[in-house]
Amino acid sequence: MTQGPILLELKQVTRKFGGLVAVNQLDMQIYPNTIHGLIGPNGAGKSTAFDLISGLTALTSGAVYLEGRDMTRVSVEDRVQAGICRTFQTPKLFEKMTAHEVVMTGRHLHGRTGILGSMFSIQAKRKDEHAIAESAFELLKFVGLQEQFNQVVADLPYGKRRLVEIARALATEPKILLLDEVASGLNPVETKAVGDLIEKLPSRGITVVLVEHDMRFVMRLCGVITVLNFGAKIVDGTPAEISTNQDVIQAYLGQPRSAEQARRTLRKKSVKL
Amino acid sequence: MNEPRAQGSIPSLILSSQILSTGKLRVRRDWLIFGVVMVLGWGTPLLAGGFYLYLGLTVAIYAIAALGLQVMVGLAGQLSLGHAAFVGLGAYTTVLLEKTYAMPFLAAAGCGMLVAGLMGLLMAQLVRLSGVYFKIATFGFGIIVYQIISNTTWLTGGHVGIRGIPAISIFGTALTTRKELFILEMLALTIVYALLLRLCHGRVGRALSAIGQNESAARSVGIPTNAYRMVVITIGCAVAGLAGSFLPHLMRFLSPESFGWHESLVLLIMITVGGLGSLPGAILGALILIVVPEYMRELAEYKMLVYGVLLVLCMMFLPTGLVALPATVAGWVARLRTRKK
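Note that the coordinates shown come from a computational prediction; the quantities given were computed from them, not determined experimentally. (Residues numbered from 1 in each chain as written. Chains lettered and ligands numbered in written order. Predicted model: local features only at pLDDT ≥ 70, side-chain atom pairs only at ≥ 80, totals over all residues.)

1. Focus on the overall build of chain B
Within chain B one finds 14 helices and four strands. A globule of 341 residues ought to have a C-alpha radius of gyration of about 20 Å, and chain B, at 22 Å, matches this closely. If one aligns the C-alpha atoms of chain B with their principal axes, the spans along those axes are about 75 × 45 × 40 Å. (Helix = DSSP H or I, 4+ residues; strand = E, 2+ residues; numbered from the N terminus. Rg over C-alpha atoms; globule rule 2.2 N^0.38 Å.)

2. Details of the overall build of chain A
Broken down by element type, chain A carries 11 helices and 10 strands. Its C-alpha atoms give chain A a radius of gyration of 20 Å, within 12% of the compact-globule value 19 Å for 273 residues. Over its C-alpha atoms, taken along the principal directions, chain A stretches across nearly 70 × 40 × 40 Å. Counting all 273 residues of chain A, 46% fall into the buried class. Looking at chain A alone, contacts between residues at least 24 apart form 65% of all its contacts between residues at least 6 apart. (Buried ≥ 20, exposed ≤ 12 C-beta atoms within 10 Å, placed from the backbone. Contact = placed C-beta atoms within 7 Å.)

3. A look at the domain arrangement of chain A
Residues and elements named next belong to chain A. Splitting chain A by domain gives domain 1 (1-83 + 174-273) and domain 2 (94-172). Mapped by element, the contributors of at least two residues to the side of domain 1 that touches domain 2 are α2 (76-82) and α7 (188-200). In terms of residues, the side of domain 1 that touches domain 2 owes the most to one element, α7, which gives three residues. Of the residues that constitute the side of domain 1 that touches domain 2, the class distribution is seven nonpolar, two polar and one charged. (Domains from an automatic or database assignment. Nonpolar A, V, L, I, M, F, W, Y, C, P; charged D, E, K, R; others polar.)

4. What to know about the confidence of the model for chain B
All names here are of chain B. When pLDDT is averaged along chain B, the result is 88, and 93% of the positions lie at 70 or above. Per-element confidence in chain B is highest for helix α8 (residues 203-213), whose mean pLDDT is 96, and lowest for helix α1 (residues 12-48), whose mean pLDDT is 81. In this model residues 1-14 is a low-confidence stretch, pLDDT under 50, and it forms 10 contacts with partners more than four residues away in sequence or in other chains. For this predicted complex, the interface confidence comes out at an ipTM of 0.88, alongside a pTM of 0.89. (pLDDT = per-residue confidence, 0-100.)

5. Focus on the pairing of strand β4 (residues 61-66) of chain A
Residue and element names in this part refer to chain A. In the sheet, strand β1 (residues 8-17) pairs with β4 via five bridges, with the strands oriented antiparallel. Among the inter-strand pairings, glutamate 9 is bridged to a residue of β4, identified as tyrosine 65. Of the pairings in the sheet, the one linking β4 to strand β5 (residues 69-70) comprises two bridges and is antiparallel in character. The residue of β5 that forms the bridge with leucine 66 is arginine 69. (Pairing = 2+ DSSP bridges.)

6. A word on the sheet that holds strand β6 (residues 84-86) of chain A
Residue and element names in this part refer to chain A. Here six strands make up an open sheet; going across it, the order is β6-β7-β8-β3-β9-β10 and the pairing mixed. The strands lining the two open edges of the sheet, one partner per strand, are β6 and β10 (232-237). Neighbouring strand axes in the sheet, compared pairwise and without regard to direction, differ in orientation by 20° on average. Pairing of strand β3 (residues 35-39) with strand β8 (residues 207-211), which is carried by four bridges, proceeds in the parallel orientation. Residue pairing for β8: histidine 36 is matched across the bridge by valine 209. (Axes fitted to C-alpha atoms, helices over the stretch in contact; angles between N-to-C directions.)

7. Points about the environment of glycine 331 of chain B
Residue and element names in this part refer to chain B. Within the fold, glycine 331 resides in helix α14 (residues 325-340). Under the C-beta neighbour-count criterion, glycine 331 is labelled exposed, with 11 such atoms within 10 Å. For the pair glycine 331 and isoleucine 64, spaced 267 residues apart in sequence, the C-alpha to C-alpha distance is 31 Å.

8. Focus: helix α1 (residues 46-54) of chain A
Residue pairs spaced three or four apart in an α-helix point in one direction, given the helix's 3.6 residues per turn. Residues and elements named next belong to chain A. Across the nine residues of α1, seven count as buried, placing the element largely inside the fold. Among the residues of α1, Lys46, Thr48, Ala49, Phe50, Leu52, Ile53 and Ser54 are the ones counted as buried. Just downstream of α1 lies glycine 55, where phi reads positive at about 95°.

9. A few points about the environment of glycine 45 of chain A
Residue and element names in this part refer to chain A. Assignment of secondary structure puts glycine 45 in the loop between β3 and α1. For glycine 45, a count of 25 C-beta atoms within 10 Å puts it in the buried group. Here the alpha-carbon distance between glycine 45 and valine 23, two residues 22 residues apart in the chain, equals 5.5 Å. If we skip the residues at most four places from it in the chain, glycine 45 touches Ala22, Val23, Leu228 and Gly231.

10. Quick notes on the nonpolar core
Of all hydrophobic cores here, the largest spans 174 residues; its most connected members are Ile64, Ala66 and Leu67 of chain B. In terms of residue count, the dominant contributor to this core is helix α2 (residues 50-75) of chain B (15 residues). Residue-level mapping places this core at the junction of two domains, with at least three residues from each of domain 1 (1-83 + 174-273) and domain 2 (94-172) of chain A. Excluding residues within four positions of it along the chain, isoleucine 64 of chain B makes contact with Ala188, Leu189, Val192, Val239, Leu242 and Ala243 of chain B. (Core = buried A, V, L, I, M, F, W, Y, C linked by C-beta atoms within 7 Å.)

11. Thoughts on the sheet that holds β1 of chain A
All names here are of chain A. In space, the four strands of this open sheet follow the order β2-β1-β4-β5, with antiparallel pairing throughout. Whereas interior strands pair on both sides, the edge strands pair on one side only; in this sheet they are β2 (20-30) and β5. Its contacts with the sheet put α1 on β1, β2 and β4, and the angle it makes with β2 is roughly 65°.

12. Looking at the interface of chain B and chain A
Contact residues are listed per partner, giving 33 residues for chain B and 41 residues for chain A. Only α1, α7 (178-201), α8 and α9 (215-220) of chain B provide two or more residues apiece to the side of chain B that touches chain A. The greatest single-element share of the side of chain B that touches chain A, amounting to eight residues, is contributed by α8 of chain B. The class makeup of the residues in the side of chain B that touches chain A is 15 nonpolar, 12 polar and six charged.

13. A word on the packing of helix α11 (residues 261-274) of chain B against helix α13 (residues 303-317) of chain B
All names here are of chain B. Relative orientation of the contacting elements α11 and α13 amounts to 35°, with a least axis distance of 10 Å. The handedness of the crossing between α11 and α13 comes out as left-handed. The segment α11 lies against α13, with Val266, Ile269, Thr272 and Val273 engaging Tyr307, Leu310, Leu311 and Cys314. Taken together, the residues of the contact of α11 with α13 sort by class into seven nonpolar, one polar and no charged. (Left-handed = near helix turned anticlockwise from the far one by under 90°.)

14. Digging into the environment of leucine 189 of chain B
Summarising the element assignment, leucine 189 of chain B is placed in helix α7. When neighbours within four sequence positions are excluded, leucine 189 of chain B is seen to be in contact with Ala60, Ala63 and Ile64 of chain B.

What follows is the structure, given as structure tokens:
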């Protein structure tokens, strides 16, 4: 499959909510500069896995390592500092800000002006603000929103809001970017554009993990796919391996009466076999 | 806003310089408003004198407290239901230090800010309580402070209050006239407004605003939200303490009644009616909520009713506050025009 050192590793990661085991002893290795898919039926624990990696939810047991460093008990902001950043299932923006300002918030850890500096410094603050504004604008250009930079994000259409959120996450300069259902709610043109954008990231040194429902999207982009069901991993492998795996087909469709029927249903869901 | 649409393949250079200028434009607009507010705020009471000067004295104090609360509540979204308690802490600390130790006003007011700020920092330790629990806790905190002030009779005189407040003395000179007191208050207001405006404009202000608008999103980009929440609560409370240090010198009397939950509510109505998140809005709100009741003294018992109606009307027709009145009216006009077509 892929070689080289592991960028992000999950070891026996478990999360229980009361009696429900949302993620169950999940092992996962993600290699640098790849696009890794995380799929599974509704309620399989994909989004919980993202919460656990990004630190928004604490693990019940297990461990998360970034480049060999134990991140299990590390706070969200320190994980961002270390290079883990995420987006949300529905974009969570700062509605009253312009697109440019939202992306500028993503540069927070790269700015230097403190509380006293904000109030009393003139020259250093101006320089800092200039640097933040410039780099945020570069990212808006990268996601193709330079014309909307000055629009309040509450007024932007859904697809553009997604792009603002991606640009904001990129502004933190992540090593690994977690995209939660980034194509949902987008029209085919927008989906294609976001796909093209994601494809460019590994060459910029950014590893991507995708949680996604749109199978065609996942199959197109991902080198490796991990399939979850009921919080546990069924299998990981290349798109070709996944699409022919009996356990995966069963997880998505239930017990098939015949292989032919399963294939027909999958074709309807536009999965190429 | 009509930004020229970039066409062709090399619009980036043009836009790159534009973007910095729009950022600067917003900052410049805020300072222009600052200038206008300050000219009116300094000028009107000093030129008109008399009753206007008295009104100006009261408005300036509440404007200072409202500015601190605005940054804390309007910008960073940390609702405090007991803010008047911190005004009270500043007031009592200042007066007690002046009376017992004959401390000069500036030092005493500094201590008042410090005490209010430290108590704010103590309250801020509760930020780990989620959502509504923190808000309820701030209400409780306000009540506790109020009860302590009214029950430590040996220190604060309890409900009887403190009389014989000494005149403000600065560098050995006593400020005896209203005009002198007003100038001192306005100096404080100007400095607080300018510093908080600068705070709002930079990286920290953006982080605070992000926390106020979507806390989990702010965390997700690495903003240490709990630390910033504690900082902004401390700032809001310290500024309230500064406002409090002036209050007894204006009223020549100090009692716990000025710092109950009712006063906390009035401060919140001020920033809401003026416009949540807007610093000039806080000052405008303070102006309205002080001046309007003064002109309807006969209806004093209905004061709270008037506040209530004002708040409801504002929420219905001007949810972004009075500062946004021009923009809101422009929106109505535009809608009417399209309807006619």
